[in-house]
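Topology and contacts: notes
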Amino acid sequence: MLFRGWGESVDRRWPDLATVVDHVGVGHLVVTRHALVKQVLTDPVTFRPDNALDAVTPMPVAALRVLAGHRFRLPPTLANNSGASHPEIRGIVADALHPTRVAAQQPWLTALVRDRVARLTADLDAGRAVDLYAELAADLPLLVLARLVELPDAPVGAVKDFARAALELFWAPLDAERQRALATEVGRFHTVLRGFAATGGGLAARLRAAGHSPDVVVGALFFLLVAGQETTSQFLTLLLHRLTGEPEVRAGLRAGEVAAADVVEEGLRLEPPIVTWRRVAAVDTTLGGTTVPAGTSIVAWLARAGRDPEVVAAPADFRPGQPGSRRHLAFGAGAHRCVGAQLARMEAAVVVAEAAPLLDGLTVVRPPWCPDNLTFRMPDAFVIRRA
Ligand code: HEM
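Residues numbered from 1 in each chain as written. Predicted model: local features only at pLDDT ≥ 70, side-chain atom pairs only at ≥ 80, totals over all residues. Heavy atoms only, no water.

The protein chain is annotated in an unreviewed UniProt entry as Cytochrome P450 from Micromonospora sicca.

Quick look at the structure:
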């Protein structure tokens, strides 16, 4: 289950807690029930977030050398920060992503998506196949994020390649050669980020003005560029794919009987782009009656928690608006809950409202394929054509 926490494995029978040993012999306590996942995520004293960004495949010396050559450092800033600086750094990031600032981006994003959908519709009408990941979902979240946090210009392709390389380097089962190649890609972009952090305006400038060291500014930007755009691209792709198999939901959207926001919540519940998230036990403790020694890696299975029968009456069905639909833990919970949740929801609602009509009367040429990864789905493509 560890590296494919979706699909068949998420629907299998599981105990509330299961120790699963990974590819390098490390045992992880996988938490499968909604209530227990929530308990872990909302108790940062007993279950600290310190291991959130640890490489699941330990890095060999060659890869570490490559990273060191780029002066790569990732001090605790956001997701893996259990220290005193977390609330302040989080507060500065949350200001940049404030709901009113997010709402102000909606008209711009809607116009952009509408324009793209018109072009894709013309392509489909002309009999061409289109890739909804590459041609619709991949760059939208990055374009919005760049406006919100005032990122200096960076080629979109370079940011996407870096982010995907980081997700693979830290969360995938890998061999040493691949680790070295990924470390080169991640390290190279880290150097670019150091430049942004030193001179950039917007969020970078606010973090600098608050007295945070260059390493902290780089660390915050690093995490945002990965978590703040790639996750949403993945989610948009997975959700659109899911909707191809939900004709009644699409009909409801068309008729104005189903709200795009409700479709997004069911999407997050059933197709979360982040399937697991880690914590580490800080002390000897118990969880759901099981003894948990200090130092245990806890894998909170977010994808499974969304399908807990305690949460909704029809856990496996895609029913927008069903009671409990919003109780998923796709954005985590507690002090580290996703600060970009509002932004991701807005982006997804715009895409659902504008792009769902594309899915009528089509054939899926190539469904999204997802590589082995502890945490991220990372769909590679989603190709459709008219039936
Ligand atoms: C569908 C899209 C997204 C999903 C599913 C998602 C999910 C998550 C999850 C599971 C966490 C860990 C929460 C925890 O430890 O309890 C997290 C943290 C975080 N996310 Fe997101 N996220 C998404 C989009 C975004 C966006 C758009 C941004 C910003 C632009 C963002 C920024 C962050 C940050 C900064 C944190 C760390 C918060 C902290 O530690 O205080 N995420 N996200």
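Here the narrative resumes.
Points about the sheet that holds strand E1 (residues 17–21)
Pairing in this open sheet of five strands is mixed, and the strands run E1-E2-E8-E5-E3 from one edge to the other. Looking at strand neighbours, the two that pair on one side only are E1 and strand E3 (47–48), the edges of this open sheet. Strand direction decides the pairing type here: strand E2 (residues 27–31) and strand E8 (residues 297–301), joined by four bridges, are parallel. Looking across to E8, one finds that Val31 is bridged to Ala300. Helix H2 (residues 34–41) rests against E1, E2, E3, strand E5 (276–281) and E8 of the sheet, and its axis sits at about 130 degrees to E8. (Pairing = 2+ DSSP bridges. Helix = DSSP H or I, 4+ residues; strand = E, 2+ residues; numbered from the N terminus. Contact = heavy atoms within 4.5 Å. Axes fitted to C-alpha atoms, helices over the stretch in contact; angles between N-to-C directions.)

Points about the side chain of Thr237
You can see Thr237 is positioned in helix H12 (residues 230–244). With relative accessibility at 1%, the residue Thr237 sits in the buried group. Setting aside anything within four residues of it in sequence, one finds Thr237 in contact with Tyr133, Ala137, Pro368, Pro379 and Phe382. (Buried < 20%, exposed > 50% of the residue type's maximum accessible area, 1.4 Å probe, protein only.)

Examining unusual backbone geometry
Look at Arg71: it is not a glycine, yet its phi comes out positive at around 55 degrees. Notably, Glu150 is not glycine yet its phi reads approximately 55 degrees, a positive angle. For Glu150, a relative accessible area of 43% puts it in the partly exposed group.

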